[in-house]
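The residues making up each chain are set out below.
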Amino acid sequence: MKTSAINRTDIVSREGKSGYMANPILGIEVSGNVGETGEGANIELGTGVMDLVNGGGYAEYAVMPADRAMKFPDSLSFEEAAAIPEVFLAAYQTLFWLGVLTYQEIVLIHSDGSGVGTNSYPTGKKTDKSENQHYSRFK
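Predicted, not measured: the structure shown is a model, and the values here were computed from it.

Here is what the cut-offs are and how they apply
- Residues numbered from 1 in each chain as written.
- Predicted model: local features only at pLDDT ≥ 70, side-chain atom pairs only at ≥ 80, totals over all residues.
- Heavy atoms only, no water.
- Patch = residues over 30% accessible without salt bridge, like charges linked within 9 Å, V, L, I, M, F, W, Y side chains within 5 Å.
- Areas by Shrake-Rupley, 256 points an atom, 1.4 Å probe, with all protein chains shown as cover.
- Salt bridge = Lys/Arg side-chain N within 4 Å of Asp/Glu carboxyl O.
- Buried < 20%, exposed > 50% of the residue type's maximum accessible area, 1.4 Å probe, protein only.
- Helix = DSSP H or I, 4+ residues; strand = E, 2+ residues; numbered from the N terminus.
- pLDDT = per-residue confidence, 0-100.
- Contact = heavy atoms within 4.5 Å.

A. Expanded view of a nonpolar patch on the surface. A cluster of nonpolar side chains, contributed by Ile 6, Ile 11, Ile 25 and Tyr 58, occupies part of the molecular surface with about 380 Å² of accessible area. According to the relative accessible area criterion, Ile 11 is partly exposed, its value standing at 41%.

Take a look at the structure:
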């Protein structure tokens, strides 16, 4: 593993205010190169990946299911890649899975200074109808 991001989950867990993580080692957002694969994994050794893990992200090695490992482009650093999973996945989940946002709906984003709030703007705007995806207007 190369990098782990620090986010609110880590802070709350460190303060003992959350039973979210059973793993005593903090860290849920990671990036690094694949160093070992399990049987049936469809990813090459050395591939740069990022992901959310169930704790242990601050350790020297992290373990994740191969089908959850997200490859990232060479144009991103490991630090940038580690900062992506939680905020963009949470923004996408909130807008489209929970909010069921549809084409040309308007959404009001509270706490747009947070990571998830800030990333809700590009997440919603990036998709468009031509790709058979959701698209919304942000004000």
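B. Representation of the pattern of salt bridges in the model. If you walk through the whole model with that rule in mind, you get one salt bridge. Across the pair Asp 51 and Arg 68 runs a salt bridge whose closest N-O atoms are separated by 3.5 Å. Taken together, the positions of Asp 51 in strand S3 (residues 48–52) and Arg 68 in the loop between S3 and strand S4 (70–71) put the pair 17 residues apart, joining distant regions of the chain. Under the relative-accessibility criterion, Asp 51 is labelled buried at 3%. A relative accessible area of 33% places Arg 68 in the partly exposed class.

C. View of the side chain of Asn 7. Positionally, Asn 7 belongs in the loop between strand S1 (3–5) and helix H1 (8–14). Overall, the relative accessible area of 13% leaves Asn 7 in the buried class.

D. Structural view of the confidence of the model for the protein. Per-residue confidence for the protein gives a mean pLDDT of 82, with 85% of residues at or over 70. Below pLDDT 50 for its whole length, residues 130–139 participates in 36 contacts with residues either more than four positions away or in separate chains.

E. Quick look at the environment of Ala 59. Along the polypeptide, Ala 59 turns up in the loop between S3 and S4. Here Ala 59 falls in the partly exposed class, since its relative accessible area comes to 23%. Linking Ala 59 and Leu 26, residues 33 residues apart in sequence, is a C-alpha distance of 8.2 Å. Aside from chain neighbours lying at most four places away, what touches Ala 59 is Met 1 and Ile 25.

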